[in-house]
Structures are given as C-alpha cells and as structure tokens.
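Overview (structure and organization)
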Amino acid sequence: MYKEEHLYSIALRQCNFIGDITFNKLVRNFGSAKNVWETAKKELAKTHGVGKKIISDIGNSEHLKFAEREINFCKKNQIKINLRHQKDLPFLLNECDDAPAILYQKGNFNPDLKCVSIVGTRNITSYGKKFIEDFFAETKLCKYQSVSGLALGADKEVHENSLKMEVPTVAVLAHGFQTLYPSKNRQLSEKILENGCLFTEFNSMRKPDRENFIQRNRIVAGISSSTIVVETAFGGGSISTATFANQYNRDVFALPGKITDKYSQGCNQLIFQNKASAISTIKDLSESLGLCPNSLNMEELFPQSTFSIPLTENQEEIYRVIADHPQITLDDLSGKILLASHKILPVILELELLGKIKSFSGRQFVAL
C-alpha cells in the first residue's frame, strides 16, 4: 500500500519553501520525489524558477524521519496517501494547477460519481436549511456525491442531509487526521466514513489554523464540476470557494435572498457580478448540474401534461357519448346526438388533437 515514493514525497513536501506547485515542477523535471531528493542541489538549481533558497532544505534527514512517522500513522489508521504525480487524485482536482501534491484519504471515494460541492455560512438560517433539505430530497434518486467542509452550519447540514438520503458525501478537512475540528462533528465524520470519505492535504500533525480553511476551500472547489453557495455574508469563507471555482472554470450557483438578509448578501453579490448563476428552482438546478438519471431525462424530453384543457359544449357532448359507447361508429354517433356527420368530424379531429379520443378503421372511436 505504501511505497518508497510515498516516503520521499512526504519528506520533500515537508521542506521549507517547497509548496505544491514547486513540488510538482521538481518531480516533473526529475521523474520522482526520490530522484529529486537524491539529485545534487547544483542540478536541482538548474530548474526554471527554482533558486538556491528553495532547494536549501532538500535532503534534510529530519524530514525523512518525519515521513517515516507519518507513514506509520497512516498504516495504523487506514489512511491512503494519494500522490498527484502518480495520478492518484480525483480527476478534476488533478487538473488544477495548484492541486495538492499529497492528498490523505480516509474512507472510500467513488471516482465514477459526479461531485457537487455545496458550501455556505456557519450561521445558516432556516431559509438555507430548507433549501439544503429540499435539494437532497428532490435529488435522492440521482447518482452523485456531495462535497463540503465538515464545518458547523451549512457544511453540517449538507453532510447530514446527504447521509439521510443515502447520497455519498465527501468532507474536506482543514487539518490533519490527528485532529477533528469542530469536535462536535466527530460522530458525523464517523458516519460519513460508512458511505463516503474524508480528504485532507495536511499531514497528521497540522492543527486547524486559520489560513488552512482558505487553502482547504480550493480542494472543495477543485474536486467538483459545480459549486453551490447556499448562504454567505459579504467576504464570507464561501466566497473564496466560489472564487476558486471560477478560476478553475467550474460552474457556480448561488441561492438568492433578500438584500436585507446578511447571509444572502454574499450570494446576491456573486450573482450580480456574474460569478454565479441564480438558483430559481431545484428542478432547474438539478438539470443544470446534469444530475438526472437517463430515465428522468427521458421523462423530461417527453413530458406528460398534468392539466386538462376545458372542453367546449359540443366537444363534451361528443366525448361523453364515445366514452359511454366504446368503438362507436360515426353513423351511430350521428344518430345519438342528432347531428350530421360532416359537422361531427371537425369536433372529432379536435378531440384527437387534445388526446381525448382515438379513431380506428371503419370510422370507429374510443375515449382515452
């Protein structure tokens, strides 16, 4: 499960000044993290955009010791170590220039299911809760998995409603696996593992520092083709998720609200700035997300009318006689309503176009 490349990747990523972009640049140039680690610094310095300061910490034995402890922790806790340069990351996330070099995973992620990221404020209102509840209730038959950040408020509602409707859910953490923040969501995180997974780019020692949450949001945005912002104030954390999604050229949807409602103002601003599409109905949203199964799509292509057009007096009389006398002939129909055949035929045509009757050979009719 764990290879030598995992060891050197963790050690290399632990080096000072080596971020995800620099990591991938070096690995791309030298073939593997192990090769980077073992290559002379004089050769590493020839890499475009990589100076002596950046490579100064490569080869530090303390980082290898840290990597060994990290791998032992992952073994003990059934944590998978995904390496970007080995194509282990979810496909869409791997396409992002600033995707994490290492993504730790606990639980099962289904790469064949579409991901939909849903985010919002920690101070979610009844309006936002109702939207989330309705969204999962109306899309429970669709094949997808939800993604959020396991925070209080909107994130918690997303994960809980997803589990309630048996939709797999993915939580992206802003810290390592030695910690669970907020602690109130520990039980929820355990339930998520039954039908989903937890992701984090942070090693097991990392605490939930403030800057980690913005960094986490780029994964929430990058892993999905679409992001839904439920409620957020001006400058709320969900705005950063929407910003990342726009940078990655992903679809963004926002739930509009009253301009006087604090936690709708961020959504309204995203819509006003053309950074998100306004959500009008959940049906329209699910269609825009491409969530409907093929059978549901066929029903939408060939909808059945749920309302009936009122019939005229002549139409109603002729329809009633046909309904009472299945396969009645034109001559018999004419005799029963005392109306000439040439005057009945136009009404028959109208009833056929309305889907009320069907004609057969020999000028016989049945009601539908």
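This text follows the structure it describes.
The notes below deal with the structure included here. (Residues numbered from 1 in each chain as written. Predicted model: local features only at pLDDT ≥ 70, side-chain atom pairs only at ≥ 80, totals over all residues. Heavy atoms only, no water.)

Moving on, we come to the sheet that holds strand E3 (residues 114–119). Ordered by their spatial adjacency, nine strands build an open sheet running E1-E2-E6-E5-E4-E3-E7-E8-E9, and the pairing between neighbours is mixed. Looking along the sheet, the strands with just one partner apiece sit at the ends: strand E1 (80–83) and strand E9 (277–278). Two elements, E3 and strand E4 (residues 144–148), share four bridges in a ladder whose sense is parallel. Residue pairing across strands places Cys-115 opposite Gln-145, the latter belonging to E4. Contacts between helix H1 (residues 4–14) and the sheet are confined to E1 and strand E2 (102–107), with E1 contributing the most and set at about 70° to the helix. Contacts from helix H12 (residues 237–247) reach E3, strand E7 (226–229) and strand E8 (251–254), with the element oriented near 155° to E7. (Pairing = 2+ DSSP bridges. Helix = DSSP H or I, 4+ residues; strand = E, 2+ residues; numbered from the N terminus. Contact = heavy atoms within 4.5 Å. Axes fitted to C-alpha atoms, helices over the stretch in contact; angles between N-to-C directions.)

Moving on: the packing of helix H16 (residues 313–324) against helix H17 (residues 330–337). The N-to-C vectors of H16 and H17 enclose an angle of 120°; their axes lie 11 Å apart at closest approach. By the criterion of interaxial angle, the relationship of H16 to H17 is oblique. In terms of crossing hand, the pair formed by H16 and H17 is right-handed. Facing H16, whose interface residues are Glu-317, Ile-318, Val-321 and Ile-322, H17 presents Leu-333, Lys-336 and Ile-337. For the contact of H16 with H17, a count of residues per class yields five nonpolar, no polar and two charged. (Parallel < 35°, antiparallel > 145°, perpendicular 65-115°, else oblique. Left-handed = near helix turned anticlockwise from the far one by under 90°. Nonpolar A, V, L, I, M, F, W, Y, C, P; charged D, E, K, R; others polar.)

Where burial is concerned, the two faces of E7 agree: the one with Ser-226 and Ile-228 and the one with Thr-227 and Val-229 are both buried. Alignment of E3 against E7, held across four bridges, turns out to be parallel. Looking across to E7, one finds that Ser-117 is bridged to Thr-227. When E7 meets E8, the two strands line up parallel, connected through four bridges. Along E8, the bridge assignment pairs Thr-227 with Val-252. In this view, the connection linking E7 to its parallel neighbour E8 by way of H12 has right-handed handedness. (Buried < 20%, exposed > 50% of the residue type's maximum accessible area, 1.4 Å probe, protein only. Right-handed = clockwise from strand over helix to strand, strands pointing away.)

With that settled, the discussion passes to the sheet that holds strand E12 (residues 364–367). Pairing is antiparallel across the open sheet formed by three strands, whose spatial order is E10-E12-E11. Of all strands in the sheet, those bounded by a partner on one side alone are strand E10 (328–329) and strand E11 (357–360). Judged from the two bridges that link them, E10 and E12 form a sheet pairing that is antiparallel. In the strand pairing of E12, Thr-329 is matched with Gln-364.

Let us now look at the packing of aromatic side chains. Applying the stated criterion across every chain, the model contains eight aromatic pairs. Centre to centre, the rings of Phe-109 and Phe-199 are 5.5 Å apart; their planes meet at 55°, and the pair counts as tilted. One end of the pair, Phe-109, is in the loop between E2 and E3; the other, Phe-199, is in strand E6 (residues 196–200), with 90 residues separating them in the sequence. You'll find Phe-109 and Phe-199 in the same group, each marked buried. Among the aromatic residues, those joined into a cluster by ring pairs are Phe-131, Phe-135, Phe-136 and Tyr-144. Geometry around Phe-213 places Arg-122 over its ring, the cationic atom sitting 5.5 Å from the centre. Lys-356 extends its terminal NZ or CZ atom over the ring of Tyr-319, reaching a point 5.0 Å from the ring centre. (Phe/Tyr/Trp six-rings, centres within 6.5 Å; stacked < 30°, edge-to-face > 60°. Lys NZ or Arg CZ within 6 Å of the ring centre and 35° of its normal.)

Once that is clear, we can look at the packing of H1 against helix H6 (residues 61–76). At their nearest, the axes of H1 and H6 sit 8 Å apart, and the two run at 125° to each other. In terms of their interaxial angle, H1 and H6 are classed as oblique. Between H1 and H6 lies a crossing of right-handed hand. Where H1 abuts H6, its residues His-6, Leu-7, Tyr-8, Ile-10, Ala-11 and Gln-14 lie against His-63, Leu-64, Phe-66, Ala-67, Glu-68, Glu-70 and Ile-71.

For E11 and E12, the ladder comprises four bridges, and the chain directions are antiparallel. Residue pairing in the sheet places Ser-359 in a bridge with Phe-365 of E12.

Nonpolar side chains tend toward joint burial in soluble globular proteins. Within the largest apolar cluster, 38 residues are counted, with the highest numbers of intra-cluster contacts made by Ile-10, Leu-12, Ile-18, Ile-58, Ile-81 and Tyr-104. Every element with two or more residues in this core is listed here: H1, helix H2 (20–30), helix H3 (33–38), helix H5 (52–55), H6, E1, E2 and helix H10 (186–192). By size, the runner-up hydrophobic cluster in this structure holds 29 residues, among which are Val-119, Ala-242, Phe-244 and Tyr-248. (Core = buried A, V, L, I, M, F, W, Y, C linked by side-chain atoms within 4.5 Å.)

Along the polypeptide, Tyr-104 turns up in strand E2. The spatial distance from the C-alpha of Tyr-104 to the C-alpha of Ile-81 is 4.8 Å, given a sequence separation of 23 residues.

In this structure, Pro-182 follows Tyr-181 across a cis peptide bond, with omega equal to -5°. By secondary structure assignment, the location of Pro-182 is in the loop between strand E5 (169–172) and H10. Phi is positive for Phe-17, which is not a glycine, with a value near 75°. For Phe-17, the position within the fold is in the loop between H1 and H2. The class of Phe-17 is partly exposed, set by a relative accessible area of 46%.

Its place among the elements puts Asn-268 in helix H13 (residues 262–272). Within polar-contact distance, the side chain of Asn-268 engages the backbone oxygen of Gly-257 at 3.0 Å. Not counting residues up to four positions away in its chain, the partners in contact with Asn-268 are Pro-256, Gly-257, Lys-258 and Ile-259. (Polar contact = N/O pair within 3.5 Å; in protein donor to acceptor, adjacent residues only side chain to side chain.)

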